[in-house]
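The lines below spell out each chain.
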Amino acid sequence: KNYTYSPILVNGTWAENRLKATLKVDDPNVRSQVAASYDTRGGNNAYTLHADVAQLNLYNLHLTDKHETSRFAFKVNGNLTGNNLDALRGQIALDSLQLEDPAHTWTMKHFALGSFPNGAQQVYTIDSDFMQMRASGYFTPENLPGSVYNLLMDYEPTLLSVLMPESAKAARKADKAARAGNANVLTFNATVSDLSLLNELFYIPVKAVNPMRISGAPNEERGTLSLNMNVPQLRYDELQFRNVTLN
């Protein structure tokens, strides 16, 4: 957004159905090195990504109007195989995230998103400092938000229409897929132990004093959505909530 990056060095090669590329940026507001590859040999596409961002100032790059004095640093490593989104297998990880400003420094050691399909069944995992999650079942990630929106409409149609009007298009697409025999059916379990990410990045004053446990089972075939939540103790600004359960 109206910003000139310099200097930037890009290299790439394509040989024997394999692309290898590197990117180096040594700008005052972003210093990074990126290496990526795309391999089509063997009939199963393979992707790798390795990025080391030593300094990033989103405000000076005109990418946000927040974090005016903050500096970010992080590493990204990814290894994936598959010929389409539903068949992707592997993991992409965000490591050593650091947010530094004149007042303090906040760090997150690890956040990894994994995809491990088992035949037609999808299995996704999240492993991080603050959250562990596993979702499995028969679903299309692209249509999942629209499916959940459709299920929630049975409970709060007016509220969703007002708060999320832009989701109606995705909901219609998901409904069309379900009618064609591609209904989303899955279960998920999550444990959330730390909410400081919301505070540091989005300025939401919330803290999980004890780990929260969340589980659910959206079933588009049956038109049901079950959700269970156990929150032993939660703080929001000056408010405290204890022993909150949702079934």
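Here's a quick rundown of the structure. (Residues numbered from 1 in each chain as written. Predicted model: local features only at pLDDT ≥ 70, side-chain atom pairs only at ≥ 80, totals over all residues. Heavy atoms only, no water.)

**With respect to unusual backbone geometry**
Now for step 1: Across the junction of Ser6 and Pro7, the peptide omega takes the value -10°, indicating a cis bond.
Now for step 2: A positive phi angle is found at Tyr203, which is not glycine, with a value near 60°.
Now for step 3: The topology assignment puts Tyr203 in the loop between helix H4 (196-202) and strand S11 (206-208). (Helix = DSSP H or I, 4+ residues; strand = E, 2+ residues; numbered from the N terminus.)

**Structural notes on the side chain of Ser70**
Now for step 1: Among the secondary structure elements, Ser70 is positioned in the loop between strand S4 (46-56) and strand S5 (71-81).
Now for step 2: Taking relative accessible area as the criterion, Ser70 reaches 4% and is therefore assigned buried.
Now for step 3: Those residues in contact with Ser70 that sit more than four places away from it in its chain are Leu56, Asn57, Leu99, Glu100 and Asp101. (Buried < 20%, exposed > 50% of the residue type's maximum accessible area, 1.4 Å probe, protein only. Contact = heavy atoms within 4.5 Å.)

**Notes on the pattern of salt bridges**
Now for step 1: Inspection of the entire model under this criterion finds five salt bridges.
Now for step 2: We note a salt bridge from Asp39 to Arg18, for which the minimum N-O separation is 3.9 Å. Of the two residues, Asp39 is situated in strand S3 (residues 30-39) and Arg18 in strand S2 (residues 18-27); the sequence distance between them amounts to 21 residues.
Now for step 3: The class of Asp39 is buried, set by a relative accessible area of 13%.
Now for step 4: When its relative accessible area of 31% is taken as the criterion, Arg18 is described as partly exposed.
Now for step 5: One connected set of salt bridges, linked through shared partners, spans Arg18, Asp39 and Arg41. (Salt bridge = Lys/Arg side-chain N within 4 Å of Asp/Glu carboxyl O.)

**Remarks on the pairing of strand S13 (residues 224-236)**
Now for step 1: With three bridges connecting them, S11 and S13 associate as antiparallel partners. Bridge pairing in S13 links Lys207 to Arg235.
Now for step 2: Sheet topology places strand S12 (residues 212-219) next to S13; seven bridges connect them, and they run antiparallel. In the sheet register, Ala217 faces S13, and the bridge partner there is Ser226.
Now for step 3: Here S12 folds back onto S13, and the loop between the two strands holds four residues, one of which, Gly223, carries a positive phi near 70°.
Now for step 4: By the bridge criterion, seven bridges tie S13 to strand S14 (residues 239-246) in an arrangement that is antiparallel. Bridge pairing links Tyr236 to Leu239 in S14.
Now for step 5: Linkage of S13 to S14, two consecutive antiparallel strands, is achieved through a turn of two residues, within which Asp237 is found at a positive phi near 55°. (Pairing = 2+ DSSP bridges.)

**Some remarks on the packing of aromatic side chains**
Now for step 1: As enumerated under the stated definition, the model contains four aromatic pairs in all.
Now for step 2: Here Phe111 and Phe130 contribute two aromatic rings whose centre-to-centre distance is 5.9 Å and whose plane-to-plane angle is 15°, an arrangement assigned as stacked. Of this pair, Phe111 sits in strand S7 (residues 105-115) while Phe130 sits in the loop between strand S8 (122-128) and strand S9 (131-138), placing them 19 residues apart in sequence.
Now for step 3: Aromatic pair Tyr124 and Phe139: ring centres 5.8 Å apart, planes at 45°, arrangement tilted. (Phe/Tyr/Trp six-rings, centres within 6.5 Å; stacked < 30°, edge-to-face > 60°.)

**With respect to a nonpolar patch on the surface**
Now for step 1: Together, Phe202, Ile204, Tyr236, Leu239, Phe241 and Val244 line one region of the surface with nonpolar side chains, adding up to about 530 Å² of accessible area.
Now for step 2: Within the element layout of this structure, Ile204 appears in the loop between H4 and S11.
Now for step 3: Taking the relative accessible area as the measure of exposure, Ile204 reaches 32% and is therefore partly exposed. (Patch = residues over 30% accessible without salt bridge, like charges linked within 9 Å, V, L, I, M, F, W, Y side chains within 5 Å. Areas by Shrake-Rupley, 256 points an atom, 1.4 Å probe, with all protein chains shown as cover.)

**Here we look at helix H3 (residues 168-179)**
Now for step 1: An ideal rise of 1.5 Å per residue puts 16 Å on twelve residues; H3 measures up with 17 Å between its terminal C-alpha atoms.
Now for step 2: Taken residue by residue, H3 has Ala171, Ala174 and Ala177 as its buried positions. Across the axial projection of H3, the buried residues extend over an arc of 125°, all falling on one side. Of the exposed residues in H3, those oriented more than 90 degrees away from the buried face are Lys169, Arg172, Lys176 and Arg179.
Now for step 3: For H3, the secondary structure elements touched by its buried residues are helix H1 (144-153). (Expected span 1.5 Å × (residues − 1). Arc of directions from axis to C-beta.)

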